Amino acid sequence: MNSPTASTADPSGTLTAAPAARSPRSGPHRAGRRIRRHLPTSPWLFAAPGLLVVGAFSLYPFVSTVVNSFTDRRTLVPGHYVGLANFRELWHDDMFWTGLRNSTLYVLGVVPALVVLPLLLALLVQRHIPGIAFFRAAFYTPVVASIVVVGLIWVWMLDDRGLINSVLEAVGVGKAGFLSDQWLLLGSAMAVTVWKGLGYYMIIYLAALANVPRELHEAAAVDGAGAVRRFFAVTVPAVRSTMVLVAALSSVSAFKVFSEVYLMAGPSGGPAGEDTTLVMLVQRVGTGLTGRVGYASAISMVVFVVTVALMLLVLRADRREDA
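Residues numbered from 1 in each chain as written. Predicted model: local features only at pLDDT ≥ 70, side-chain atom pairs only at ≥ 80, totals over all residues. Heavy atoms only, no water.

J.: What am I meant to see in the packing of aromatic side chains here?
T.: Applying the stated criterion across every chain, the model contains 10 aromatic pairs. Plain terms: the ring middles of phenylalanine 134 and phenylalanine 135 are 5.5 Å apart, the flat faces sit at 75 degrees to each other, and that makes the pair edge-to-face. Aromatic side chains phenylalanine 231 and phenylalanine 232 sit 5.0 Å apart centroid to centroid with 85 degrees between the ring planes, which places their arrangement in the edge-to-face category. An aromatic cluster is defined as three or more aromatic residues linked by ring pairs; in this entry it consists of Trp91, Phe96 and Trp97. Over the ring of tyrosine 295 we find arginine 292, and its NZ or CZ is 4.5 Å from the ring centre. (Phe/Tyr/Trp six-rings, centres within 6.5 Å; stacked < 30°, edge-to-face > 60°. Lys NZ or Arg CZ within 6 Å of the ring centre and 35° of its normal.)

Spelled out as structure tokens, the structure:
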């Protein structure tokens, strides 16, 4: 249909057709709409709040720790550049080697348990049986509980007059120095860490097990494989990448342990400070009015390097298995 036209008369009296007015919807631009051009900096404006938080609470403290590790800064005294003096002092510090030993033992004692036990729990709670939802919630409850509350509960249970020693004494075994013996105290702290982390890593394994095809288990069962054989031949290979992830996360967390040992051993780090970990040493050396911030920063740099090395070691082991 042609657009309507309007007739007009010229001075001579002849009627001519005048072009009709353009429709509001015609043309490249519609009425009431404007094309807005986004500036190249627009995405950064949206990301700016998050970047500021990361920079203020992660990037700046890290850079500050690196810089302070090469100074003799104290809490109330500006530091001066001392080069590698703090790191040379670490080499001759017996307490540093004690903390490194305990943190390493913590990794060796906690990581294997947190890789295997949550997988077994995940296989258990994956079954559709009556009342299994209660056990899922029970296993996950320690994860959401405060570490301070958990630590105090276990201290009360492991005390000389606590529940566990009372039971041991009642059955004739005798009391055990869970909080007074160097190695029993460290082992007790490891047990608390494993107990609290079981539910968290169980959830990760449940997500991985949900992606394992049921046909693989059915085929293995047809071939005559039992439950144990199917576990090692089907389940473990299927969740191996998740096991690597759990190993990396638990290794970093175990090496940086602080709360469990601090609550059970006290600020002194157990008898004669023999249960002190590296992070506890950082807190002890770098806090207070006379805290040696520079020396504590050097210890923190060692913790950072070791945790990165642990992650790279786990990832490299995984790549060797893939090859």
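J.: Can you walk me through the packing of helix 5 (residues 147-158) against helix 6 (residues 163-170) in this structure?
T.: Each pair of packed helices gets described by two things: the angle between the helix axes and the distance between those axes. Following both chains from N to C, one finds helix 5 and helix 6 inclined at 25 degrees, their axes separated by 4 Å at the closest point. By the angle class used here, helix 5 and helix 6 are roughly parallel. Between helix 5, through Trp156, Met157 and Leu158, and helix 6, the contact on the second element is made entirely by Leu163, Ile164 and Asn165. Among the residues making up the contact of helix 5 with helix 6, the classes are represented as five nonpolar, one polar and no charged. (Axes fitted to C-alpha atoms, helices over the stretch in contact; angles between N-to-C directions. Helix = DSSP H or I, 4+ residues; strand = E, 2+ residues; numbered from the N terminus. Parallel < 35°, antiparallel > 145°, perpendicular 65-115°, else oblique. Contact = heavy atoms within 4.5 Å. Nonpolar A, V, L, I, M, F, W, Y, C, P; charged D, E, K, R; others polar.)

J.: Explain the packing of helix 3 (residues 94-125) against helix 7 (residues 182-209) to me, please; I cannot follow it from the model alone.
T.: Two elements in contact, helix 3 and helix 7, have axes separated by 6 Å at closest approach and are oriented at 40 degrees. One finds that helix 3 runs oblique with respect to helix 7. Viewed along their axes, helix 3 and helix 7 form a crossing whose handedness is right-handed. Split by residue class, the contact of helix 3 with helix 7 holds 24 nonpolar, five polar and one charged. (Left-handed = near helix turned anticlockwise from the far one by under 90°.)

J.: Would you take a moment to explain the pattern of salt bridges for this structure?
T.: Charged atoms that come close allow side chains of opposite charge to pair. Here the structure, examined in full by the defined rule, presents two salt bridges. The partner of arginine 292 in a salt bridge is glutamate 89, and the shortest N-O contact between them spans 2.9 Å. Of the two residues, arginine 292 sits in the loop between helix 12 (278-286) and helix 13 (293-322) while glutamate 89 sits in helix 2 (residues 85-91), which places them 203 residues apart along the sequence. Since its relative accessible area comes to 31%, glutamate 89 is described here as partly exposed. A salt bridge links arginine 101 to glutamate 274; its shortest N-O distance comes to 3.4 Å. Separated by 173 residues along the polypeptide, arginine 101 in helix 3 and glutamate 274 in the loop between helix 11 (259-265) and helix 12 bring together distant segments of the chain. According to the relative accessible area criterion, glutamate 274 is partly exposed, its value standing at 26%. (Salt bridge = Lys/Arg side-chain N within 4 Å of Asp/Glu carboxyl O. Buried < 20%, exposed > 50% of the residue type's maximum accessible area, 1.4 Å probe, protein only.)

J.: Hey, could you run me through unusual backbone geometry in this one?
T.: The phi angle at alanine 272 is positive, at roughly 60 degrees, despite the residue not being glycine. Take alanine 272: its relative accessible area is 71%, and that puts it in the exposed class.

J.: Looking at this structure, how should I read the layout of surface pockets?
T.: In this approach, a probe sized like a water molecule rolls over the atoms, and the result shows the empty space that is left. A volume near 670 Å³ is recorded for the largest pocket. Lining the largest pocket are 17 residues, with Leu123, Gln126, Arg127, Arg214 and His217 positioned closest to its centre. Secondary-structure elements contributing two or more residues to the lining of the largest pocket are helix 3, helix 8 (214-222) and helix 9 (227-238). In terms of residue count, the dominant contributor to the lining of the largest pocket is helix 9 (five residues). Of the residues belonging to the lining of the largest pocket, the class tally is nine nonpolar, four polar and four charged. Of the volumes computed, that of the second largest pocket is approximately 350 Å³. (1 Å grid on protein atoms, 1.4 Å probe; cavity = no way out; pocket = protein on both sides within 12 Å on 5 of 7 lines; lining within 4 Å. Points joined across faces, edges and corners; volume = space filled by probe spheres on them.)

Remember, this is a structural readout, not a statement about activity or role.
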